[in-house]
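Here's the letter readout for the chains.
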Amino acid sequence: MAVLVALLPTLSNGRIYSSKRLQNRSLLWYNMFVMGAIITVASANTESGRMLREGFDAVSHVDVLLMQEVLGQPSQTARQLDAYGFELAHVDPGTGLAIARSQDSLLEVVEGGQEMAELSPALWRGAAASDLRTLQRLRARAAIGLTLRHRLIDTELFVATAHPVVPVRARARARQIRALGTWLANYPADAVVLGADMNH
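Keep in mind the model is a prediction, meaning the values are calculated, not measured.

Trainee: Teacher, can you tell me more about the overall build of the protein here?
Mentor: Each helix and strand in the protein was counted, giving 3 helices and 11 strands. For the protein, the N- to C-terminal ordering of α and β elements is β-β-β-β-α-β-α-β-β-β-β-β-α-β. Burial statistics for the protein: of 200 residues in total, 50% are counted as buried. Long-range contacts, defined here as pairs at least 24 residues apart, represent 60% of the contacts in the protein between residues at least 6 apart. For the protein, the exposed area adds up to about 9700 Å²; of that, 50% sits on carbon and sulfur atoms.

Next up, the structure:
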């Protein structure tokens, strides 16, 4: 299940402005009112890259796209995103996580703003090189994040995505969620947004 949460530890006027959930439960987006600007962030499980291959007009209006289950080479992912007006800003092929920003967005990537946290090691190292969906469960679990700055307003936004294991692996999942929370708490941006497939 897709989950998108805005954490606003230092921002008194930041709030979820509106949201819309599509019939496709793997896609979720929110508009946020942050420091006088409306910023739209979407989270999507690409279903092993199917969304990237078939298109995603439903989120063509968003500023930031947080993705899970992104398979294939980063150059291929970048080309697919470019066709829909997005720039691949951060990707970890080993875990299938990626973050893209709209080429029309007023949010710019902060230099050196790409971050990654390993939540658990791979069960089989070869899984990262495979495009087979059945092997994705064996990949390492991680979170990736990106710091963005608004061009017109002096504010920074830290966005992150993750894809923890399913609840049937309760202890491993609990460790991953704790590690994710600890990692997110370290970022002093004006707003922190997590968009993830939490496998509820």
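Trainee: Sorry, what's going on with the pairing of strand β6 (residues 86-92) here?
Mentor: Walk down a regular strand and you will see the side chains alternate between the two sheet faces. The pairing of β6 with strand β7 (residues 97-102) spans 6 bridges and is antiparallel. Across the sheet, residue L88 finds its bridge partner in β7, namely A100. Counted along the chain from β6 to the antiparallel partner β7, the turn is 4 residues long, and its residue G96 has a positive phi close to 75°.

Trainee: It is not clear to me how the confidence of the model for the protein should be interpreted in this structure. Could you clarify?
Mentor: Low-pLDDT portions of the prediction should not be read for the details of their coordinates. Per-residue confidence for the protein gives a mean pLDDT of 76, with 71% of residues at or over 70. Predicted confidence for residues 6-27 stays below pLDDT 50, and this span has 53 contacts to residues more than four positions away or in other chains.

Trainee: Would you explain the packing of aromatic side chains in this entry?
Mentor: Two descriptors summarise a pair of aromatic rings, namely the distance from one centre to the other and the angle between the planes of the rings. This structure, assessed with the given rule, holds 3 aromatic pairs. The interplanar angle of 70° and the centroid separation of 5.7 Å between the aromatic rings of F158 and W183 together place this pair among those described as edge-to-face. In this pair, F158 sits in strand β10 (residues 156-162) while W183 sits in helix α3 (residues 170-184), placing the two residues 25 residues apart along the sequence. Between F158 and Y187, the aromatic rings sit 3.9 Å apart at their centres with planes inclined by 10°, giving stacked as the arrangement. With F158 in strand β10 and Y187 in the loop between α3 and β11 (191-197), this pair connects stretches of sequence that are 29 residues apart. Members of the aromatic cluster, joined through ring pairs, are F158, W183 and Y187.

Trainee: Looking at this structure, how should I read unusual backbone geometry?
Mentor: Most peptide bonds take the trans configuration, and most residues that are not glycine carry a negative phi. A positive phi angle, near 60°, is found at E69, a position not held by glycine. Judged by relative accessible area, which is 14%, E69 ranks as buried.

Trainee: When you look at the pattern of salt bridges in this model, what are you seeing that I'm missing?
Mentor: Oppositely charged side chains may form a pair once their charged atoms are brought near each other. This model, assessed by the stated rule, comprises 4 salt bridges. E108 serves as the salt-bridge partner of R151, at 3.1 Å between the closest nitrogen and oxygen. You can see R151 sitting in the loop between β9 (141-150) and β10 and its partner E108 sitting in strand β8 (residues 107-120), a full 43 residues away along the chain. Under the relative-accessibility criterion, R151 is labelled partly exposed at 44%. Note on E108: relative accessible area 39%, which makes it partly exposed. Notably, a salt bridge pairs R149 with E156, separated by 2.5 Å at the nearest N-O pair.

Trainee: Help me understand helix α2 (residues 74-82), please; the structure alone is not making it clear to me.
Mentor: An α-helical segment advances 3.6 residues per turn. Residues three or four places apart therefore align on the same side. Taken together, the buried positions of α2 are T77, Q80 and L81. Take α2 and look down its axis: the buried residues cluster within an arc of 95°, on one side only. Its buried side turned inward, α2 meets α1 (50-54), β5 (64-68), β6 and β7.

The rules behind these values
- Residues numbered from 1 in each chain as written.
- Predicted model: local features only at pLDDT ≥ 70, side-chain atom pairs only at ≥ 80, totals over all residues.
- Heavy atoms only, no water.
- Helix = DSSP H or I, 4+ residues; strand = E, 2+ residues; numbered from the N terminus.
- Buried < 20%, exposed > 50% of the residue type's maximum accessible area, 1.4 Å probe, protein only.
- Contact = heavy atoms within 4.5 Å.
- Areas by Shrake-Rupley, 256 points an atom, 1.4 Å probe, with all protein chains shown as cover.
- Pairing = 2+ DSSP bridges.
- pLDDT = per-residue confidence, 0-100.
- Phe/Tyr/Trp six-rings, centres within 6.5 Å; stacked < 30°, edge-to-face > 60°.
- Salt bridge = Lys/Arg side-chain N within 4 Å of Asp/Glu carboxyl O.
- Arc of directions from axis to C-beta.

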